[in-house]
Amino acid sequence: MEKTANPTTKQTLIGTRVKKPDAPDKATGKTRYINDMVLPQMLIGKVLFAGRPHARIVRIDTTAAQALPGVHAVLTGQDATGLKFGFSRDNVALKDKVRCEHDEIAAVAAETEEIALRALALIEVEYEDLPGVFTPEAGAREDAPLIHDNFPGNKSLHFEFEHGDLAEAEAASDIIVDNVFRPHHVTHCCMGTSCAIADFDHNGKLTIWTQTQYPYNYKMDLAPALGINPGDIRVIQPPVGGAFGSKLDVYPYEPIAALLAKKTGRPVKVIYSREEEFKASPTRQAAIIHMRTGCTRDGVLTFRSADVLLDNGAYTSWGPTIPVIMMRTVSGHYRVPVVDFKAQAIYTNNPYAGSFRGYGNVQTTWATAQQMDMLADLVDMDPLAFHLKNAQRSGEVTPQKSFLRECALVECLEAAASASDYSRKRTEYAALRDAPGRYKKGIGLASSVHNAGGAKIHKSDGIGTILKMDDYARVTVITGASEIGQGIDAVITLIVAEELGVPLEHVTIVNNDSDVAPWDVGVHASRTTFIAGNGTRRAAQKAKAQILNAAERMLGEPTETLDLRGGQVVFERDGTPLIQLERLLRQMHFKAEPELVMVTDYYEPKSEPEGARHISDHSAAYSHAVHIAEITVDTLTGEITVDKVTAAQDVGRVINRMGLEGQVEGGLAIGLGYALSENMQIDKGMLKNACFRDYKLITAPEMPPLDLHFIESNCAEGPYGAKGISELPTIVIAPAIANALYNATGVRIFNPPMSPETVARAIHERRAQTNAGKVATPAEGLAV
Amino acid sequence: MMSVETEIRFTLNGRPVSLKVPATMKTLAMLRDRLGMTGTKYACGEGECGACTIEIDGKTVNSCLMYAVDCDGREVVTIEGLRTPEGLHPVQQAFVDHGAVQCGFCMPGMIMQARNLLANNPELTREQAQRGLEGNLCRCTGYTKVLDAVEAVAGKNTCGRATP
Ligand code: FES
Ligand code: FES
């Protein structure tokens, strides 16, 4: 890695490999994560969960718990009544009725965790169990038990988007595929379990140390749960053990920590055990997707419709809002002239969903990318050719008005297909499908589109940046951009070093205190490199302009002839050094009319608010990715081994190559787990596998070799041309494997995960059908 | 309900330690809550994730499963013990250089395990590393850069005993 720039040539760090500045402390155990923090006088908070899915609380007695030495506070639903929070104002920190297994019934603050746990055991609660609702279909029935009195019919959020004449498009279709897909419940499994530390000062101001990935909206969302003004909340973000979307909302343990802190006048830390983490964390939204896609005999898409039923769970967090992104894929995954999209979320007594990397697009792409493969099969085209025929190009606009300014879908398809020798292998494996032999090889292609320049679902998608330089040319960037492990720290460092010609090590980032750093919408929607990258670059360029202006005045050389390289002011043309940057800064600071370099910037991307009709160019950029999975299937056990993944993605421009690779590799691993093994087994609202032994993440031996291709489409609005990238790797891999499974065995799996049991059963059923002389239709296609 | 405390003595990262611990206390809790050694992480408490991996008498163990009293008379090395006065241990440095660290929460355990594998087999192959790290979960990285880092150190014979 280039540490200091060579002054004679223009430094360019863009596209190089830059280390994460926090990596040495993390690798040595020095980093103090929120989980490690202890404050003077701190108490430990513990939560009593209901442990049943639907019940009335008949009686609750905390007398014995209160009396236990070392206990400082015991709270129940009576202490937080009326303080509703959440999207639909349907949640409360401590409940007066049980609506899901992990409903928080009481909380204790005590001097040690051991005392807190003993106090919980002393709380007596008498419940009257109520009949529950455990599927959205059941919840939608007229006679279904009501979960919230004020949500009739258990109806939660509803979304619709229509474009074009569906009946006409259906009539014009030669082939229609029609399937129901049921993407399942999975959860984030952050290695650092959920934790919050709250402390009130005596002016009524709350300081909360939290894992949040959206500090400024967090204030707004937390305040109603406490009945205080958002302005009276200071959010501090210590290092966290992952987030992946799970910390994009307020969850009850956070107001509980604050309520306990308020009651005791002392800092209170609530931290989950792994079992609590499994049970009480948000999930990925489960859905039932009835999708239909049509095309003509020569392979031109005619329409796509999706009727989506969402299992809302007991409360409304980000999960049931995913149709906002689902519909962009339904309407924008290839050129789809006619679109009909509906989604309804229904309250159930199941755990509720938050946002999770890929946000709705994991579920939709599971369906769209399999139907693309089915249609290609039915019109007897190589899926690659079918994809290319329908692929959108730069300059096209989707029915929802997503403007694909720089679109590299074709390049992604071609790069992935040629690197993996896709077409040849696909034909070869399909021909061997019914040949004798236990192990079958398959290759599958899938793709998707995702917002890559933020998503304007809030009133603002902007970021504030403050950049200052000291007398030694050390740079501090004070930014709203949060770091949750994804590596924005390295990106910001790289951009500052690039613009100001200072060594990477001379850049410090302050981004963890809402009283210090300015507004940002948070780490989500693959937005941070794009948005914070632009904010940082603009701030650095303002600082550079100020420095070069001062240099012009002092050196008498016009600014256009000057540049900053290698810690010096140099001649732009040949890098001849003129003055040390730190000397110049000191001269600026200590002259008769002194000036300091401290600039501010507010960057708001050129995107349009989502709007109620969902017709808007809601992101400043869009990106595509194509994954090709090569697998071996053990037809006896149903076990899928992923032998290799070729992934091509439009990244706009590579900024930090090492961080980019890391995001793609890590995103793929989450997608592989989703595809193959992860599954929350929820039986009548109760989670049965709340541990890593029974909820299986991808481990090192299962990680396949990856062949990554970064396509640089040079996004005009992105920093140096970059686009946001981190969700697509999680989105595309599962249907690529599903399509490979079809190629290998002729079976289709509609309900993930593709566990050995599921795959073995499907193979067995197909064999039984074939033996009975019934020719299995390859894709449940309907010729009309 | 006072539990019985036992006095134990052991070597922690090369220095002698003695303290009293309850019979039910796990080594992970002793390190983190009694000794302030927070480098070793809790992520499951059930021996299923490897975040709490430490080394005892040259063997890696899940400290969340092992009783603290069993440290008596033994040589304990934690992630904090790998660093030398000259700087990061070569394995730590390789993890940093190869971008293996994202959120980093799994990394103390991952690095302890990787270093131990390399100490026992300096010629460790990528496949052997994959198998050897099976018990260490990471949700961020997809292990690819972890394996790159281990591969870069393999064959360099820099992973002798960790004790300073
Ligand atoms: S915390 Fe010990 S193995 Fe997970
Ligand atoms: S780096 Fe985050 S869990 Fe491994």
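Residues numbered from 1 in each chain as written. Chains lettered and ligands numbered in written order. Predicted model: local features only at pLDDT ≥ 70, side-chain atom pairs only at ≥ 80, totals over all residues. Heavy atoms only, no water.

A. Spotlight on the overall build of chain B. For chain B, the count of helices and strands is 5 helices and 5 strands. Along chain B, helices and strands appear, N-terminal first, in the series β-β-α-β-β-β-α-α-α-α. Taken against the 2.2 N^0.38 rule, which gives 15 Å for 164 residues, the C-alpha radius of gyration of chain B at 16 Å falls within 12% of a compact globule. When each of the 164 residues of chain B is scored for burial, the buried share is 55%. (Helix = DSSP H or I, 4+ residues; strand = E, 2+ residues; numbered from the N terminus. Rg over C-alpha atoms; globule rule 2.2 N^0.38 Å. Buried < 20%, exposed > 50% of the residue type's maximum accessible area, 1.4 Å probe, protein only.)

B. Inspection of helix 9 (residues 323–332) of chain A at higher detail. All names here are of chain A. Of all 10 residues making up helix 9, 10 are buried, and the element is well covered by its neighbours. Where helix 9 is concerned, the buried positions are Pro 323, Val 324, Ile 325, Met 326, Met 327, Arg 328, Thr 329, Val 330, Ser 331 and Gly 332. In the segment just after helix 9, Tyr 334 is the residue with positive phi, at about 75 degrees.

C. Representation of the pattern of salt bridges within the structure. This structure, assessed with the given rule, holds 60 salt bridges over all chains. Between Asp36(A) and Arg32(B) there is a salt bridge whose closest N-O contact spans 2.7 Å. Here Arg32(B) lies in helix 1 (residues 27–34) and Asp36(A) lies in the loop between helix 1 (23–27) and strand 1 (43–49), a pairing that spans two chains. Accessibility assignment for this pair places Asp36(A) and Arg32(B) in one class, buried. (Salt bridge = Lys/Arg side-chain N within 4 Å of Asp/Glu carboxyl O.)

D. Quick look at the sheet that holds strand 11 (residues 195–200) of chain A. Residues and elements named next belong to chain A. Read from one edge to the other, the open sheet built from 7 strands follows the order 3-7-1-14-11-12-13, with strand pairing classed as mixed. Of all strands in the sheet, those with a lone pairing partner are strand 3 (71–76) and strand 13 (233–236), marking the two edges. The mean angle between the axes of side-by-side strands here comes to 20 degrees, regardless of whether they run parallel or antiparallel. Pairing of strand 1 with strand 7 (residues 104–110), which is carried by 6 bridges, proceeds in the antiparallel orientation. (Pairing = 2+ DSSP bridges. Axes fitted to C-alpha atoms, helices over the stretch in contact; angles between N-to-C directions.)

E. Up close: the packing of helix 17 (residues 657–676) of chain A against helix 18 (residues 728–745) of chain A. All names here are of chain A. At a minimum axis distance of 7 Å, the contact between helix 17 and helix 18 shows a crossing angle of 45 degrees. With respect to their mutual orientation, helix 17 and helix 18 come out oblique. Note that helix 17 runs across helix 18; the crossing there is right-handed. For the pair helix 17 and helix 18, contact is made by Gln 663, Val 664, Gly 667, Leu 668, Ile 670, Gly 671, Leu 672, Tyr 674, Ala 675 and Leu 676 and by Pro 729, Thr 730, Ile 733, Ala 734 and Ile 737, respectively. (Parallel < 35°, antiparallel > 145°, perpendicular 65-115°, else oblique. Left-handed = near helix turned anticlockwise from the far one by under 90°. Contact = heavy atoms within 4.5 Å.)

F. Summary view of the interface of chain B and chain A. Each side of the interface is counted separately: chain B has 42 residues, and chain A has 50 residues. Broken down residue by residue, the surface that chain B buries against chain A is led by Gln102(B), Phe105(B) and Arg139(B), which jointly contribute 22%. For the interface between chain B and chain A, the tally reads 24 residue pairs in polar contact (both at pLDDT 80 or more). The element contributing the most residues to the side of chain B that touches chain A is helix 2 (residues 90–97) of chain B, with 4 residues. Residues belonging to the side of chain B that touches chain A are distributed by class as follows: 19 nonpolar, 12 polar and 11 charged. (Buried area = accessible area lost by both parts, 1.4 Å probe. Polar contact = N/O pair within 3.5 Å; in protein donor to acceptor, adjacent residues only side chain to side chain. Nonpolar A, V, L, I, M, F, W, Y, C, P; charged D, E, K, R; others polar.)

G. Layout of the domain arrangement of chain A. Residue and element names in this part refer to chain A. Annotation of chain A at the domain level lists domain 1 (23–31 + 462–603), domain 2 (34–130 + 188–280) and domain 3 (287–395 + 406–455 + 612–783). Measuring from the centre of the C-alpha atoms in domain 1 to the corresponding centre in domain 3 gives 40 Å. Every contact between the two is made by 17 residues of domain 1 and, on the other side, 22 residues of domain 3. Counting the surface lost from both domain 1 and domain 3, the interface buries some 1400 Å², and carbon and sulfur atoms represent 61% of this. Broken down residue by residue, the surface that domain 1 buries against domain 3 is led by Ala 525, Ser 526 and Phe 530, which jointly contribute 42%. Counting the contacts that link domain 1 with domain 3 gives 0 salt bridges. At the boundary of domain 1 with domain 3, the tally comes to 6 residue pairs in polar contact (both at pLDDT 80 or more). (Domains from an automatic or database assignment.)

H. Structural context of the layout of surface pockets. Reported here for the largest pocket is a volume of approximately 1700 Å³. Taken together, 42 residues form the lining of the largest pocket, with Glu113(A), Glu114(A), Met25(B), Ala29(B) and Asp33(B) sitting closest to its centre. Listing elements by their share of the lining of the largest pocket, those giving two or more residues are strand 1, helix 3 (113–122), strand 14 (268–271) and helix 8 (274–280) of chain A together with helix 1 of chain B. Roughly 720 Å³ of internal volume is contained in the second largest pocket. Lining the second largest pocket are 31 residues, and of these Glu639(A), Ile640(A), Leu676(A), Ile698(A) and Glu702(A) sit closest to its centre. Looking at the lining of the second largest pocket, the elements that each hand over two or more residues are strand 27 (640–650), helix 17 and helix 19 (756–771) of chain A together with helix 4 (126–132) and helix 5 (144–153) of chain B. It is strand 27 of chain A that contributes the most residues to the lining of the second largest pocket, 4 residues altogether. Residues that form the lining of the second largest pocket fall into these classes: 14 nonpolar, 9 polar and 8 charged. (1 Å grid on protein atoms, 1.4 Å probe; cavity = no way out; pocket = protein on both sides within 12 Å on 5 of 7 lines; lining within 4 Å. Points joined across faces, edges and corners; volume = space filled by probe spheres on them.)

I. Structural detail: the domain arrangement of chain B. Residues and elements named next belong to chain B. Split by domain assignment, chain B resolves into domain 1 (5–81) and domain 2 (83–153). One C-alpha centre belongs to domain 1, the other to domain 2; they are set 21 Å apart. The interface of domain 1 with domain 2 comprises 19 residues on the first partner and 13 residues on the second. Carbon and sulfur atoms make up 53% of the area that domain 1 and domain 2 hide from each other, which totals about 1200 Å². Linking domain 1 with domain 2 are 1 salt bridge. Put simply, Arg 115 and Glu 55 hold a salt bridge, and the shortest N to O gap is 2.7 Å. Scanning the region where domain 1 abuts domain 2 turns up 7 residue pairs in polar contact (both at pLDDT 80 or more).

J. Looking closely at helix 11 (residues 383–390) of chain A. All names here are of chain A. Inspection of helix 11 places Pro 383, Leu 384, Phe 386, His 387 and Asn 390 among the buried residues, and these make up the whole buried set. Relative to the axis of helix 11, the buried residues are bounded by an arc of 165 degrees and lie together on one face. Between the side-chain oxygen of the N-cap and the backbone nitrogen of Leu 384 there are 2.9 Å, and the N-cap of helix 11 in question is Asp 382. (Arc of directions from axis to C-beta.)

K. Representation of the sheet that holds strand 2 (residues 15–22) of chain B within the structure. Residue and element names in this part refer to chain B. Across the sheet, which stays open at both edges, the 5 strands sit in the order 2-1-5-3-4 with mixed pairing between neighbours. This sheet does not close on itself; its edge strands, each paired only once, are strand 2 and strand 4 (59–62). Recorded for the sheet is a direction-independent mean angle of 40 degrees between the axes of neighbouring strands. Of the pairings in the sheet, the one linking strand 3 (residues 53–56) to strand 5 (residues 75–77) comprises 2 bridges and is antiparallel in character. In the strand pairing of strand 5, Glu 55 is matched with Val 77. Most of the contacts of helix 1 go to strand 2, to which it runs at about 105 degrees, and overall it touches strand 1 (5–12), strand 2 and strand 3. Against the sheet, helix 3 (residues 107–120) makes contact with strand 3, strand 4 and strand 5, and its axis sits at roughly 40 degrees relative to strand 3, the strand it touches most.

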